[in-house]
Amino acid sequence: VSATAPRAAVSSLRQTHGATVPKPAAEPSRNVAAAEPVIEEEMSLRSLSQTVRVDISRLDHVMNIVGELIIEKTQLEALTRALAAQQARMASHELGKIARNLDRKLNELQKSVIEIRMVPVGQIYSKLSRTVRKLARELRKEIELVLRGEDTELDKMMVEELTDPLMHIIRNALDHGIESTEERIAAGKDPVGHVTLNAYQQGNSVVLDVTDDGRGIDPERIRTVAIRHGLVGEKEAVDQQRAHELMFTPGFSTAAEVSEISGRGVGLDVVKKNIQDLKGTIDVMSRIGEGTTFRVSLPITLAIIQALIVEAGGEKFAIPLN
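Our next topic: the environment of Phe-317. In this structure, Phe-317 sits in strand β9 (residues 315-320). You can call Phe-317 partly exposed: its relative accessible area is 44%. A sequence separation of 10 residues divides Phe-317 from Ala-307, and the C-alpha atoms of the two residues are 9.3 Å apart. Every residue in contact with Phe-317, bar those within four places of it in the chain, is listed here: Leu-308, Ile-309, Val-310 and Ala-312.

Structure, rendered in structure tokens:
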């Protein structure tokens, strides 16, 4: 209905269609609309999507394996009937052959299902890039993020769970690792700091290295903070290895003041726990004045875990091979 339509026409429409027409309301002020709070970007970079895009050739491969398994099942049924007819010797030989085929095909099916769950880690790289640019502006530092190994594949669930710990490590590199432009120039370094994220496969694991060319980890500075927190005694020596262990202590922080980026009490201990929940490990390598590398090693998937079955004292135990 036109805004200029007579009131009678509106009443007529209301009666005809049984619609409830609200009373005319004053148009909201433009100033009020402009004052609405802007919704801040989610702190977590994890995706809410529960779907995985799968290459059609992978699905075709799985369907072929399932088809062959159905054939094996049919042969087993025929063998059962043969056994019932007392052809035991021939049946035993055929049963062994079918069991071997079934075992081979089930292993192949297992491998294919794992492949279907895989996604390239590069799908989270764009999110990390946006956040790094934002943090670099806030810190007033010139930082270049170098991303490598985008095609390295990892289980979809693990990629999602890994995003936040990875961002925390990168945030630490930006805030604590990379020096200010003035410090870098004074040290004879490139004014632009570099943080490199490199993903690659190593055996049955996927490794992600976060490397910066910053100031490195100074054990003496870590020791000073640890003494202040009561984590070590005043006379206790702290070498590079001990300094790395202290960094993963709950509540440990070298930040002088609390900000949106650091000093909030959410430290590397949370990162370590998240990595361990994924059955992974995190290691630190650092050289003073040259930079630091945080190395995260993860199993390719948690969907299937190979185990060694051990029997002892009449009990059976499954020990994960990793």
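Turning to the layout of surface pockets, a few remarks are in order. Its volume calculated, the largest pocket comes out at about 770 Å³. Among the secondary structure elements, those contributing two or more residues to the lining of the largest pocket are α4 (88-117) and β7 (291-299). For the lining of the largest pocket, the leading source of residues is α4, giving four residues. Residue composition of the lining of the largest pocket, grouped by class: 10 nonpolar, 10 polar and five charged.

Moving on: the nonpolar core. Residues Leu-128, Leu-154, Val-195, Leu-208, Phe-294 and Leu-298 are the most contacted members of the largest nonpolar core, which totals 50 residues. Counting residues per element, this core draws most heavily on helix α6 (residues 156-177), at nine residues. Those residues within four positions of Leu-298 in sequence are excluded, and the remaining contacts are Leu-154, Met-158, Leu-162, Asn-204, Ser-205, Val-206, Leu-208, Ile-275, Leu-278 and Gly-280. Val-62, Ile-65, Leu-109 and Ile-116 belong to the second-largest nonpolar core, a separate cluster that totals five residues.

This next bit is on the packing of α6 against helix α10 (residues 268-277). With their axes 10 Å apart at the nearest point, α6 and α10 run at an angle of 145 degrees to one another. Once α6 is placed against α10, the crossing between them reads as left-handed. In this structure, α6 contributes Leu-162, Pro-165, His-168, Ile-169 and Asn-172 to the contact, and α10 contributes Leu-268, Val-271, Asn-274 and Ile-275. Grouping the amino acids of the contact of α6 with α10 by side-chain chemistry returns six nonpolar, three polar and no charged.

Rules used in this analysis
- Residues numbered from 1 in each chain as written.
- Predicted model: local features only at pLDDT ≥ 70, side-chain atom pairs only at ≥ 80, totals over all residues.
- Heavy atoms only, no water.
- Helix = DSSP H or I, 4+ residues; strand = E, 2+ residues; numbered from the N terminus.
- Buried < 20%, exposed > 50% of the residue type's maximum accessible area, 1.4 Å probe, protein only.
- Contact = heavy atoms within 4.5 Å.
- 1 Å grid on protein atoms, 1.4 Å probe; cavity = no way out; pocket = protein on both sides within 12 Å on 5 of 7 lines; lining within 4 Å.
- Points joined across faces, edges and corners; volume = space filled by probe spheres on them.
- Nonpolar A, V, L, I, M, F, W, Y, C, P; charged D, E, K, R; others polar.
- Core = buried A, V, L, I, M, F, W, Y, C linked by side-chain atoms within 4.5 Å.
- Axes fitted to C-alpha atoms, helices over the stretch in contact; angles between N-to-C directions.
- Left-handed = near helix turned anticlockwise from the far one by under 90°.

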